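Summary of structural features
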Amino acid sequence: MKLDNLKELVKEELTKAMNDRDLKDMPLGNMEEGTYEIEYIVADSDGGPDYSDSDIVTITQDEFSRNMDVSNSNFWKGTVRDLANFPIYKIIKVTKA
């Protein structure tokens, strides 16, 4: 019985660690369709950092496939820029939502 509890605990912790893993630098070809939380810094009027924010987006496998020629940074910035309607200074972190 204790071994089963330990296995379940390890499984839960591993799932949590995988969901908290920063995916912003993972090649788009390795990404899975799903819902992601993107944490970012909005650019101020001079192009410098202003404030941080986050958005949750659902991305299809087709969207990843169509953007294979775009850098990861530009892909995530473009995704967030379309939602926030502000210039993005920097992507902080991308995780599964």
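Procedures and definitions
Residues numbered from 1 in each chain as written. Predicted model: local features only at pLDDT ≥ 70, side-chain atom pairs only at ≥ 80, totals over all residues. Heavy atoms only, no water. Helix = DSSP H or I, 4+ residues; strand = E, 2+ residues; numbered from the N terminus. Rg over C-alpha atoms; globule rule 2.2 N^0.38 Å. Buried < 20%, exposed > 50% of the residue type's maximum accessible area, 1.4 Å probe, protein only. Areas by Shrake-Rupley, 256 points an atom, 1.4 Å probe, with all protein chains shown as cover. Salt bridge = Lys/Arg side-chain N within 4 Å of Asp/Glu carboxyl O. Pairing = 2+ DSSP bridges. Expected span 1.5 Å × (residues − 1). Contact = heavy atoms within 4.5 Å. Core = buried A, V, L, I, M, F, W, Y, C linked by side-chain atoms within 4.5 Å.

Considerations on the overall build of the protein
- Looking only at helices and strands, the protein has three helices and three strands in total.
- The order of helices and strands in the protein, counted from the N terminus, is α-β-β-α-α-β.
- Taking 13 Å as the expected radius of gyration for a compact globule of 97 residues, we find that the protein reaches 16 Å, considerably beyond that expectation.
- Taking all 97 residues of the protein together, the buried fraction comes to 27%.
- Accessible surface computed for the protein: about 6,600 Å², of which carbon and sulfur atoms make up 49%.

Observations regarding the pattern of salt bridges
- Under the defined criterion, the tally for this structure stands at two salt bridges.
- Of the charged contacts, one joins Asp62 and Arg66 as a salt bridge, the two residues approaching to 3.3 Å between their closest N and O atoms. Taken as a pair, Asp62 and Arg66 lie in helix H2 (residues 61–66) at a separation of four residues, close to a single helical turn.
- Judged by relative accessible area, which is 44%, Asp62 ranks as partly exposed.

Describing the pairing of strand E1 (residues 34–43)
- Taking burial as the measure, the ten residues of E1 include seven buried ones, the bulk of the element.
- In this sheet, strand E2 (residues 49–59) lies alongside E1 in antiparallel orientation, the contact comprising ten bridges. The partner of Tyr36 across the bridge, within E2, is Val57.
- The antiparallel pairing of E1 with E2 creates a hairpin that spans five residues between the two strands, and Gly47 there sits at a positive phi of about 90°.

Notes on helix H3 (residues 72–84)
- Here H3 is 13 residues long and its end C-alpha atoms lie 18 Å apart, about the 18 Å a rise of 1.5 Å per residue gives.
- Taken residue by residue, H3 has Asn72, Phe75, Trp76, Gly78, Thr79, Val80 and Ala84 as its buried positions.
- Tucked into the core, H3 has its buried residues touching E1, E2, H2 and strand E3 (88–96).
- Of the residues trailing H3, Asn85 is marked for its positive phi of about 60°.

Side note on unusual backbone geometry
- Positive phi, normally seen in glycine, also occurs at Asn85, with a value near 60°.
- Among the secondary structure elements, Asn85 is positioned in the loop between H3 and E3.

Concerning the nonpolar core
- Among the nonpolar cores identified, the biggest contains 18 residues, and Met31, Tyr36, Ile38, Tyr40, Phe64, Trp76 and Ile91 are the most heavily contacted of them.
- Contributing elements (two or more residues each) for this core: E1, E2, H3 and E3.
- Leaving out residues up to four positions away in the same chain, Met31 has contacts with Leu23, Met26, Tyr36, Gln61, Phe64 and Trp76.

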